[in-house]
Amino acid sequence: NHLGQPFSRDELNGKVWLAAFYGTDAPHVAQVTKQLLWPNFRYRDEGDIVVVGFSLSPEHDTPEVLRNYAQTYNYDSNKWSFATGSLQTIDALGQHFGLLFASESGEAIFTHNLRTVVVTPQGKLHKVFIGNLWTPNDLAAAIKEAAQTK
């Protein structure tokens, strides 16, 4: 993760989590990050709701790059994690959420379809937002629904 520590799904068990997939070097990343600031601050006092940004650019997004990026947005490290991993791990995770991406010329430069997802405390996919046209109200409703699942 952005702190140079291993990150696993175990850290998300029992929590509603929002996930977005992007690289810090992607043109649209600032807009996605700004959209995710809302739940980061809105739910700052609720320990069971977290945000995870998964990097699609692991060669570029080292822990140091991710940490510097996170600090740019005054993130709360208890609420928001920035994670990276091998291309195979990222690809498998992304496919689980309907994210399709392809490397260009065999390098770690990706084109992909944007997805933001809400996952239940039981680890089940609750809602997929396609693109970045969702509103804070859309996200709040999905978070509330996900938190109430049994």
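Whatever comes next refers back to the structure up there.
No experiment lies behind these values; they were computed from the predicted model shown.

Some remarks on the pairing of strand E3 (residues 80-83)
Then comes step 1: Burial of E3 is two-sided: the residues Trp80 and Phe82 facing one way and the residues Ser81 and Ala83 facing the other way are all buried.
Then comes step 2: As paired elements, strand E2 (residues 49-55) and E3 share four bridges and run parallel to each other. Bridge assignment links Gly53 to a residue of E3, and that residue is Phe82.
Then comes step 3: Remark: the E2/helix H2 (residues 63-72)/E3 crossover connection has right-handed handedness.

Some thoughts on the environment of Leu125
Then comes step 1: Mapped onto the elements, Leu125 comes out in strand E7 (residues 125-130).
Then comes step 2: Residue classification places Leu125 among the partly exposed positions, given a relative accessible area of 37%.
Then comes step 3: A C-alpha to C-alpha distance of 10.0 Å links Leu125 and Leu18, two positions 107 residues apart in sequence.
Then comes step 4: Filtering out sequence-adjacent residues up to four positions away, Leu125 remains in contact with His96, Phe97, Val117, Val118 and Val119.

Topic: the packing of aromatic side chains
The relative placement of two aromatic rings is captured by the distance of their centres and the angle of their planes.
Then comes step 1: Within the structure shown, the criterion is met by five aromatic pairs.
Then comes step 2: Following the ring pairs from residue to residue traces out a cluster consisting of Phe7, Trp17 and Phe54.

Conventions and cut-offs
- Residues numbered from 1 in each chain as written.
- Predicted model: local features only at pLDDT ≥ 70, side-chain atom pairs only at ≥ 80, totals over all residues.
- Heavy atoms only, no water.
- Buried < 20%, exposed > 50% of the residue type's maximum accessible area, 1.4 Å probe, protein only.
- Helix = DSSP H or I, 4+ residues; strand = E, 2+ residues; numbered from the N terminus.
- Pairing = 2+ DSSP bridges.
- Right-handed = clockwise from strand over helix to strand, strands pointing away.
- Contact = heavy atoms within 4.5 Å.
- Phe/Tyr/Trp six-rings, centres within 6.5 Å; stacked < 30°, edge-to-face > 60°.

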